[in-house]
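Observations on the three-dimensional arrangement
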Amino acid sequence: MKTIYFVRHGESEGNVGAHYQEESTPLSDNGRAQAIALGERAKRLPIDSIIASTMVRAQETAQAISEATNIAIELSDTFIERRRPSEQINQLKNGPQAMEAEEAIIRNSGITGYRYSDEENFDDLMRRAKEALLYLENYPGSEILVVTHGVFLRVLVLYSIFGEGTTEREFKGILNALTCSNTGLTVLKWDSEKDSPWSLLTWNDHAHLG
C-alpha cells in the first residue's frame, strides 16, 4: 500500500504572464511564498520521498519542501507538464501563431491521433500517465510526494480512475471541471490487493495558503 501526495508547483511567472511557459520558467515571488508555506505543511506529512518534474518551476517548489523536511529530491521527466507545440512556447498567448495552434488543436480534438505539430496529444498523455503510475507503484517509498503540473496532474487522476478505458471526452471534461490551485495537494492511495488499486482521497487541498 502506498500514499502519493501530488502537488502542483507554486505560481510561476508564466501563470501570471502573457506568454506561454517554457521549461525554464521560474516561480514568481508569490509562488516562492506558496512553496515555503507548503514546505511547512509537508513537515506534518509522513512523507519519505520527494520526486519532482525536471521543469524549473517544479524543482523550485520541491526545493522549498526539501529544505523544510530534510528529504532529498529525485528528478523525473515523467512528471513534466503536457508538451505544447513549438509554435506556442514562449509566445504571447493571444499572438496569431499561438492562437492558430490552439484553435486547431481544439477544433480537431475528436480526431484520433491528431497532432498539430510536435505537441503531446491525447494518446501521448495516456501513455505517459500509465508510465508514471507504474513508476510510482514500483518505487521503493510508501509515502511519496510528487511535484508536478496542473494539466498532467489532472491526467494522472483521470487515468488512475479509468485506466486504459479513458476517453478523450472524459479528458476534456476533467480539464474543464476540476480546478487545480498552485501548490494544491491531491492525495491518491494505491493498494495492490484491490481490483481497482488506485483511489482518490483528496483533491486540491490548499488550506496552507490561508
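Structure: above.
The text that follows walks through the structure, step by step, so that each part is easy to find. Counting of residues starts from 1 at the beginning of each chain's written sequence and follows it residue by residue. Where totals are concerned, whole chains, interfaces and linings use all residues; where local detail is concerned, this predicted model gives features only for residues with pLDDT of at least 70, and gives and counts side-chain atom pairs only at 80 or more. Side-chain figures throughout are based on the complete set of non-hydrogen atoms in the structure, without hydrogens or water.

1. What about the packing of helix α6 (residues 150-162) against helix α7 (residues 168-177)?
Following both chains from N to C, one finds α6 and α7 inclined at 130°, their axes separated by 10 Å at the closest point. As the angle between them shows, α6 and α7 are arranged oblique. For the crossing formed where α6 meets α7, the hand is right-handed. Of the residues in α7, those in contact with Val151, Arg154, Val155, Leu158 and Phe162 of α6 are Glu170, Phe171, Ile174 and Leu175. Axes, fitted as lines to C-alpha atoms, cover a helix only where it is in contact. Angles between the N-to-C directions of the axes lie from 0 to 180 degrees. By the criteria applied, helices consist of DSSP H or I runs no shorter than four residues and strands consist of E runs no shorter than two, each listed in order from the N terminus. To sort the angles, those under 35 degrees are grouped as roughly parallel, those over 145 as roughly antiparallel, those from 65 to 115 as roughly perpendicular, and the leftovers as oblique. Each helix crossing is assigned a hand: it is left-handed if the near helix lies turned anticlockwise from the far helix by less than a right angle, otherwise right-handed if that turn is clockwise. Here, two residues are considered to be in contact whenever any of their heavy atoms come within 4.5 Å of each other.

2. So, helix α3 (residues 56-69)
What a helix is expected to span follows from its residue count: subtract one and scale by 1.5 Å. With 14 residues, α3 should cover 20 Å at 1.5 Å per step; its first-to-last C-alpha distance of 20 Å lies within 8% of that length. The inward-facing, buried residues of α3 abut α2 (29-42), β2 (49-52), β3 (73-75) and β4 (143-148).

3. A short note on a negative patch on the surface
Residues forming no salt bridge and having over 30% relative accessible area are the ones grouped into patches, like charges within 9 Å of each other and nonpolar side chains (Val, Leu, Ile, Met, Phe, Trp, Tyr) within 5 Å. In these tables, accessible area is a Shrake-Rupley quantity obtained with a 1.4 Å probe, and a residue counts as shielded only by the protein chains included in the view. Salt bridge, as applied in this entry: a Lys or Arg side-chain nitrogen positioned within 4 Å of an Asp or Glu carboxyl oxygen. Counting rule for charge: Lys and Arg are taken as positive, Asp and Glu as negative, and neither His nor the chain ends is counted. Think of each charge as sitting on NZ of Lys, CZ of Arg, CG of Asp or CD of Glu. On the surface, a cluster of negative charge is contributed by Glu22, Glu23, Asp77 and Glu131. Position of glutamate 23 among the secondary structure elements: in the loop between α1 (13-16) and α2.

4. Details of the sheet that holds β2
Through backbone hydrogen bonds, the strands of a sheet pair up, either in parallel or in antiparallel fashion. As summarised here, the arrangement of the six strands in space is β3-β2-β4-β1-β5-β6, forming an open sheet in which the pairing is mixed. Edge positions in the open sheet fall to β3 and β6 (198-205), since each of these has one partner strand only. For this sheet, the mean inter-axis angle between neighbouring strands, taken without regard to orientation, is 20°. Looking at chain direction, β2 and β4 are connected through four bridges and run parallel. Considered in β4, the bridge of isoleucine 51 is made with valine 146. Two strands pair under a simple rule: DSSP has to find at least two bridges between them.

5. Focus on the packing of helix α5 (residues 122-138) against α6
Where α5 contacts α6, the two axes come as close as 9 Å, and the packing angle between them is 75°. Viewed along their axes, α5 and α6 adopt a mutual orientation that is roughly perpendicular. Facing Leu125, Met126, Arg128, Ala129, Lys130, Ala132 and Leu133 of α5, the residues of α6 in contact are Phe152, Val155, Leu156, Tyr159 and Ser160. When residue character is reported, Ala, Val, Leu, Ile, Met, Phe, Trp, Tyr, Cys and Pro are called nonpolar, Asp, Glu, Lys and Arg charged, and the others, Gly included, polar. Class assignment for the residues of the contact of α5 with α6 results in nine nonpolar, one polar and two charged.

6. Here's the deal with helix α4 (residues 96-107)
Counted at 1.5 Å a residue, the expected span for α4 with its twelve residues is 16 Å, and the 16 Å between its end C-alpha atoms agrees. Regarding α4, the residues found buried are Ala98, Ala101 and Ala104. Buried positions in α4, seen along its axis, are confined to an arc of 135° and lie on one side of it. Exposed residues pointing more than 90 degrees away from the buried face of α4 are listed as Pro96, Ile106 and Arg107. Buried residues are those whose accessible area, probed at 1.4 Å on protein chains only, stays under 20% of the maximum for their type, while exposed residues exceed 50% and partly exposed ones sit between those limits. Summarising the geometry, the arc corresponds to the directions from the helix axis toward the C-beta atoms.

7. Quick notes on unusual backbone geometry
At threonine 183, a position not held by glycine, the phi torsion is positive, near 65°. Summarising the element assignment, threonine 183 is placed in the loop between α7 and β5 (185-190). Although it is not a glycine, asparagine 204 sits at a positive phi angle of roughly 55°. Tracing the sequence through the fold places asparagine 204 in strand β6. Judged by relative accessible area, asparagine 204 falls into the buried class, the value being 10%.

8. Topic: the packing of aromatic side chains
Centres within 6.5 Å make a pair out of two Phe, Tyr or Trp rings, where for Trp the six-membered ring is used; the pair is then stacked when the planes are under 30 degrees apart, edge-to-face when over 60, and tilted otherwise. Scanning all chains against the criterion turns up four aromatic pairs. Ring plane angle 40° and centroid distance 5.8 Å describe the contact between tyrosine 135 and tyrosine 139, whose orientation is recorded as tilted. A residue is classified by how much of its surface remains accessible, and tyrosine 135, at 25% relative accessible area, is partly exposed. Residue classification places tyrosine 139 among the buried residues on the basis of a relative accessible area of 12%. Clustering of aromatic rings is evident, with ring pairs tying together Phe79, Tyr135 and Tyr139. The side chain of arginine 128 reaches across the aromatic face of phenylalanine 152, ending 4.0 Å from its centre. Lysine and arginine charges are scored as sitting over a ring when NZ or CZ, respectively, is within 6 Å of the ring centre and within 35 degrees of the ring normal.

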